[in-house]
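# Coordinates in review
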Amino acid sequence: MCIMDYIRPATCTNEVFRSMWAEFEWENKVAITTTITGLKEFLDHIVKSTNMKCLTPYDDSQKGTFLAANLYARSVFGEDALVNVSVEKKEDNAGELAGYIRIRSKTQGIALSLGDRITTVQRGVPQDK
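Residues numbered from 1 in each chain as written. Predicted model: local features only at pLDDT ≥ 70, side-chain atom pairs only at ≥ 80, totals over all residues. Heavy atoms only, no water.

### Here we look at helix α3 (residues 108–121)
Between its first and last C-alpha atoms α3 spans 20 Å; for 14 residues at 1.5 Å apiece the expected length is 20 Å, and the two agree. For α3, the complete set of buried residues consists of I110, A111, L114, G115, I118 and V121. Down the axis, α3 shows its buried residues gathered within 140 degrees of arc, on one side only. Seen from the open side of α3, the exposed residues pointing more than 90 degrees away from its buried face are D116 and T120. (Helix = DSSP H or I, 4+ residues; strand = E, 2+ residues; numbered from the N terminus. Expected span 1.5 Å × (residues − 1). Buried < 20%, exposed > 50% of the residue type's maximum accessible area, 1.4 Å probe, protein only. Arc of directions from axis to C-beta.)

Structural data, given as structure tokens:
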């Protein structure tokens, strides 16, 4: 069974997110490796590909070389999945993106499955869109 079959976007307050982040024991850290060069484009791709909700407001008029965002989802079994995306556009590296995506959950299965999903989909946006 694929994690995408049972994970649903959800919402919570920043306070609840931080509390769960501190409480959850399982963490999976995925290094960013992608052909996507836009910060917002990368974030949108991860949100769509993981079926999560972005809790961090983002204004398209914002310019910069760094983006941090929190994502949240809940499984149909009531398990919470938290993701923190920290990505930087490297000016000295042909504009490539670098950073980490950290996944936290109460159970090892969700942290590992989401990590595998992110590793698979982060490389780039499919050309058939």
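Don't stop here, the text continues.
### Details of the nonpolar core
In terms of nonpolar packing, the biggest core is built from 28 residues, with F42, L71, V83, V85, V87, I101 and L114 touching the most fellow members. When residues of this core are traced back to their parent elements, those giving at least two are α2 (39–50), β4 (66–75), β5 (80–89), β6 (97–105) and α3. It is α2 that contributes the most residues to this core, five residues altogether. With residues near it in sequence (within four places) discarded, V83 still touches F17, W21, M52, A69, N70, L71, I101, R102, I103 and L114. (Core = buried A, V, L, I, M, F, W, Y, C linked by side-chain atoms within 4.5 Å. Contact = heavy atoms within 4.5 Å.)

### Thoughts on the pattern of salt bridges
Tallied over the full model, the rule gives six salt bridges. With a closest N to O distance of 3.6 Å, K106 and E23 form a salt bridge. Note that K106 is positioned in the loop between β6 and α3 and E23 in helix α1 (residues 14–23), a separation of 83 residues in sequence. E23 sits in the partly exposed class, given a relative accessible area of 46%. Residue E27 pairs with R102 through a salt bridge whose shortest N-O separation is 3.0 Å. With E27 in strand β2 (residues 26–31) and R102 in strand β6, the pair connects residues that are 75 residues apart, well separated along the chain. (Salt bridge = Lys/Arg side-chain N within 4 Å of Asp/Glu carboxyl O.)

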